[in-house]
Amino acid sequence: MDNKALMNKFYTSFIKGDNKAMGECYHKDILFKDPVFGSLKGDRAFKMWEMLLTPKKEDLKISFDIARVSEKKGKVNWVAEYHFGEKKRKVINNVSAEFKFKEGKIIEHIDTFNLWEWSKQAMGTVGYLIGWTPFMKKKIQKSTNQKLDYFISGKKG
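Only a predicted model underlies this, so the values are computations on that prediction, with no experimental measurement involved.

Chemist: Can you lay out the pairing of strand 2 (residues 38-41) for me, pointing to particular residues and giving the numbers?
Modeler: Relative to strand 2, strand 1 (residues 26-34) runs antiparallel, the two sharing 4 bridges. Pairing of phenylalanine 32 across the sheet is with leucine 40, part of strand 2. Remark: 3 residues form the turn of the hairpin made by strand 1 and strand 2, two consecutive strands paired antiparallel.

Have a look at this one:
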């Protein structure tokens, strides 16, 4: 499979909520980074997608555009639309994803987006007031990684 087909498989699987097919696109030594989770390596990255997509979120809408792809690197611009948290706040997140490839798989996946824009939508007033601060970024990453730890351990939380 060429890298463009790999990117298509990853994002069409994302649209379908198929974390297993997404995981097939990742190298076993994957490095994933984004503003919400920070850095995840290997199995934690696979488990993150499983946690986020199990069960498939019915209101999740994903669209994507492959901006460029080569033998070693790729870039995809994508948008996620969904409702977040107990208050079901509407979030529209515009993401730029950079990829590196190794052995026909994704070895590095870095999602970049404006955390303040995300936090204003997801958290309302609190996100607006302090969503841009390093303190809030650390708090968000700590919370999401704790949820991932609980998911991996089989607990609910």
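Chemist: Report on the nonpolar core, specifying residues and quantitative values.
Modeler: Formed by 38 residues in total, the largest nonpolar core has its most connected members in Phe14, Trp49, Trp78 and Ile106. Apart from the residues lying within four places of it in its own chain, the contact partners of phenylalanine 14 are Met22, Trp49, Leu53, Leu60, Ile62 and Trp78.

Chemist: So, the environment of glycine 42: which residues are in play, and what are the values?
Modeler: The topology assignment puts glycine 42 in the loop between strand 2 and helix 3 (43-53). Exposure remark for glycine 42: the relative accessible area of 12% places this residue in the buried category. Considered as a pair, glycine 42 and asparagine 3 are 39 residues apart in the sequence and their alpha carbons are 20 Å apart. Among all residues touching glycine 42, those that are not within four sequence positions of it are Lys28 and Ile30.

Chemist: I'd like a rundown of the pattern of salt bridges, residues and numbers included.
Modeler: Following the criterion strictly, the structure yields 8 salt bridges and no others. Lysine 47 is the salt-bridge partner of glutamate 50, the closest N and O atoms lying 3.4 Å from each other. Note that glutamate 50 and lysine 47 are positioned in helix 3 at a spacing of 3 residues, about one turn of the helix. A relative accessible area of 26% means that glutamate 50 is categorised as partly exposed. Taking the relative accessible area as the measure of exposure, lysine 47 reaches 24% and is therefore partly exposed. Linking lysine 100 and glutamate 108 is a salt bridge whose minimum nitrogen-to-oxygen distance equals 3.7 Å. With relative accessibility at 36%, the residue lysine 100 sits in the partly exposed group.

Chemist: Could you give an account of the packing of aromatic side chains, naming the residues involved and the relevant values?
Modeler: This model, assessed by the stated rule, comprises 14 aromatic pairs. An aromatic cluster is built from Phe10, Tyr11, Phe14, Tyr26, Phe32, Phe46, Trp49, Phe64, Trp78 and Phe99, whose rings are joined through pairwise contacts.

Chemist: An account of helix 4 (residues 115-123) is requested, with residue identities and associated values reported.
Modeler: Along helix 4, the residues that are buried comprise Leu115, Trp118, Ser119 and Ala122. Buried residues of helix 4, viewed axially, fall in a sector of 95°; they line one side. Considering only its buried residues, helix 4 is in contact with strand 4 (73-84), strand 5 (89-102), helix 5 (125-130) and helix 6 (134-153). Looking at where helix 4 begins, the residue whose side-chain oxygen comes 2.9 Å from the main-chain nitrogen of tryptophan 116 is asparagine 114. At the C-terminal side of helix 4, glycine 124 shows a positive phi close to 70°.

About the thresholds
- Residues numbered from 1 in each chain as written.
- Predicted model: local features only at pLDDT ≥ 70, side-chain atom pairs only at ≥ 80, totals over all residues.
- Heavy atoms only, no water.
- Pairing = 2+ DSSP bridges.
- Helix = DSSP H or I, 4+ residues; strand = E, 2+ residues; numbered from the N terminus.
- Core = buried A, V, L, I, M, F, W, Y, C linked by side-chain atoms within 4.5 Å.
- Buried < 20%, exposed > 50% of the residue type's maximum accessible area, 1.4 Å probe, protein only.
- Contact = heavy atoms within 4.5 Å.
- Salt bridge = Lys/Arg side-chain N within 4 Å of Asp/Glu carboxyl O.
- Phe/Tyr/Trp six-rings, centres within 6.5 Å; stacked < 30°, edge-to-face > 60°.
- Arc of directions from axis to C-beta.
- Polar contact = N/O pair within 3.5 Å; in protein donor to acceptor, adjacent residues only side chain to side chain.

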